[in-house]
Amino acid sequence: MFYRENGQFKTSYQSDLQIFPVAQDRIVLALFALAAFVAVPMLASDYLFRAVLVPFLILSLAAIGLNVLVGYCGQISLGTGAFMAVGAYAAYNLNVRIEGMPLLLSLIGGGLCAMVFGILFGIPSLRIRGLYLAVATLAAQFFVDWFTNRVAWVTNGSSSGSVSVSALSLFGLPLDTPARKYLLCLSLLVLLGLMAKNLVRGAIGREWMAMRDMDVAAAVIGIRPVYAKLSAFAVSSFIVGVAGALWGFVHLGSWEPAAFGIDKSFQLLFMVIIGGLGSIVGAVFGAAFIVLLPLFLNLVPHWLGLSISTGTASFLEHMIFGALIVFFLIVEPHGLAALWATARQKLRLWPFPH
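Everything quoted here is computed from the prediction, not taken from an experiment.

Visitor: Before we go on, may I ask you to explain the overall build of the protein in this structure?
Guide: Per the secondary structure count, the protein includes 14 helices and 4 strands. Relative to the globule expectation of 20 Å for 354 residues, the C-alpha radius of gyration of the protein, 21 Å, shows essentially globular dimensions. In terms of its C-alpha atoms, the protein occupies a principal-axis envelope of roughly 65 × 60 × 45 Å. For the protein, the proportion of its 354 residues judged to be buried stands at 45%. Across the protein, every contact between residues at least 6 apart in sequence was considered, and the portion connecting residues at least 24 apart equals 75%. Here the protein carries 20 positive and 14 negative side-chain charges, and the mean point of each set is 6 Å from the other.

What follows is the structure in structure tokens.
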């Protein structure tokens, strides 16, 4: 009854092509953005920022980048952690080797370096696909793990292999509080998420989806596979590289190569699959599921008054977490984004379903 499109006429091409054509969606989104940018920094605790909100925002950004490649272009990637590592270490070297390097330029530079790295390892996608492409991207993960552990220049000669950053500032404003770090991550997530959304809605996004659905037919109708696949690798790697730089600079502060291991690649892939392939909002849903569910499972025994050991709690957490992932994939193979789309469709028809 309250979610209707009646009377919302499109009188221009701009209004017909807008991202949120329903007025109720725009109102809810504006209220949600107001709460995220104003209410949350005022009300949330430092622990909530450090343990939940900042990791969630950064992983959402990385999942969006991976979804561009896997969900929209259909190119399987198991090396997302490597692209995050390239972004983090490139931003670190720009920050320590160029005096007075602004933080924002360091983050963008890390994303650009990850983009070049992604294009290089995306070249095999022109000849191979499926499982063979997954193995090729997995090779990128092993190469970056070896490179960051063996080449001292990457870590600026650190004997332990770990690097650290401190005294972060943006436009002269020090990022010395968790709330300011949260606002930086939220702003970049919104900007890069809108960029990705507009790309997938345009001509380049249609080329990606044509290559995903049937690459031979796409080539027959004039789509260039080289341009489509490498552009998807470039955009995806840039977004993931910026997320990796944020993960190192803002969330960790001090990290070593193990922080971007293969487990991070699989974690991001699970986010995309659970959230929904080919959906920007699905990447955010998947990140929320992966980040919030373990915290919820850890709190349940305390709420029920159960005293269990740390090892048992960790074991049960992994068991329940895996079972829920399988359950969601069976119940809704298209991810949480499909459930959200179904709910919106039912709201449009309620209370007159047919």
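Resuming the write-up.
Visitor: Before we go on, may I ask you to explain the packing of aromatic side chains in this structure?
Guide: How two aromatic rings sit relative to each other is set out by the distance from centre to centre and by the angle between their planes. Summed over the entire model, instances satisfying the criterion amount to 12 aromatic pairs. Taking 5.2 Å as the distance between ring centres and 50 degrees as the angle between the ring planes, the aromatic pair formed by Phe49 and Tyr182 counts as tilted. Here Phe49 is found in helix α3 (residues 46-72), whereas its partner Tyr182 is found in helix α7 (residues 178-201), with 133 residues between them in sequence. Here Phe49 matches Tyr182 in class, with each residue buried. Here the aromatic rings of Phe143 and Trp146 are separated by 6.2 Å at their centres, their planes lie at 35 degrees, and the arrangement is tilted. With Phe143 and Trp146 both in helix α6 (residues 131-150) and 3 residues apart, this pair spans about one turn of that helix.

Visitor: Just checking my understanding: could you explain the environment of Ser77 for this structure?
Guide: Counting through the fold element by element, Ser77 comes out in the loop between α3 and α4 (80-97). When neighbours within four sequence positions are excluded, Ser77 is seen to be in contact with Leu66, Leu69, Val70, Phe83, Thr137 and Leu269. Of the polar contacts made by the side chain of Ser77, one reaches the backbone nitrogen of Gly79; its length is 3.5 Å.

Visitor: Hey, could you run me through the pattern of salt bridges in this one?
Guide: Two side chains with opposite charge may pair up if their charged atoms get near one another. Applying the stated criterion to the full structure yields 2 salt bridges. Ionic pairing is found between Arg180 and Asp176, a salt bridge with its closest N-O pair at 3.3 Å. Classification of Asp176 as exposed rests on a relative accessible area of 56%. Here Arg212 and Asp213 are joined by a salt bridge, their closest N and O atoms 3.1 Å apart.

Visitor: I'm lost on the nonpolar core in this one. Help?
Guide: A general tendency of soluble globular proteins is for nonpolar side chains to be buried together. Counting residues in hydrophobic clusters, the biggest one holds 94 residues, and the most contacted among them are Trp208, Leu246, Phe249 and Trp255. Of all the elements, α3 adds the most residues to this core, at 16 residues. For Leu246, the contacting residues outside a window of four places in its chain are Ile58, Leu61, Leu107, Leu184, Cys185, Leu188 and His251.

What counts, and where the lines are drawn
Residues numbered from 1 in each chain as written. Predicted model: local features only at pLDDT ≥ 70, side-chain atom pairs only at ≥ 80, totals over all residues. Heavy atoms only, no water. Helix = DSSP H or I, 4+ residues; strand = E, 2+ residues; numbered from the N terminus. Rg over C-alpha atoms; globule rule 2.2 N^0.38 Å. Buried < 20%, exposed > 50% of the residue type's maximum accessible area, 1.4 Å probe, protein only. Contact = heavy atoms within 4.5 Å. Lys, Arg positive; Asp, Glu negative; His and termini not counted. Charge placed at Lys NZ, Arg CZ, Asp CG, Glu CD. Phe/Tyr/Trp six-rings, centres within 6.5 Å; stacked < 30°, edge-to-face > 60°. Polar contact = N/O pair within 3.5 Å; in protein donor to acceptor, adjacent residues only side chain to side chain. Salt bridge = Lys/Arg side-chain N within 4 Å of Asp/Glu carboxyl O. Core = buried A, V, L, I, M, F, W, Y, C linked by side-chain atoms within 4.5 Å.

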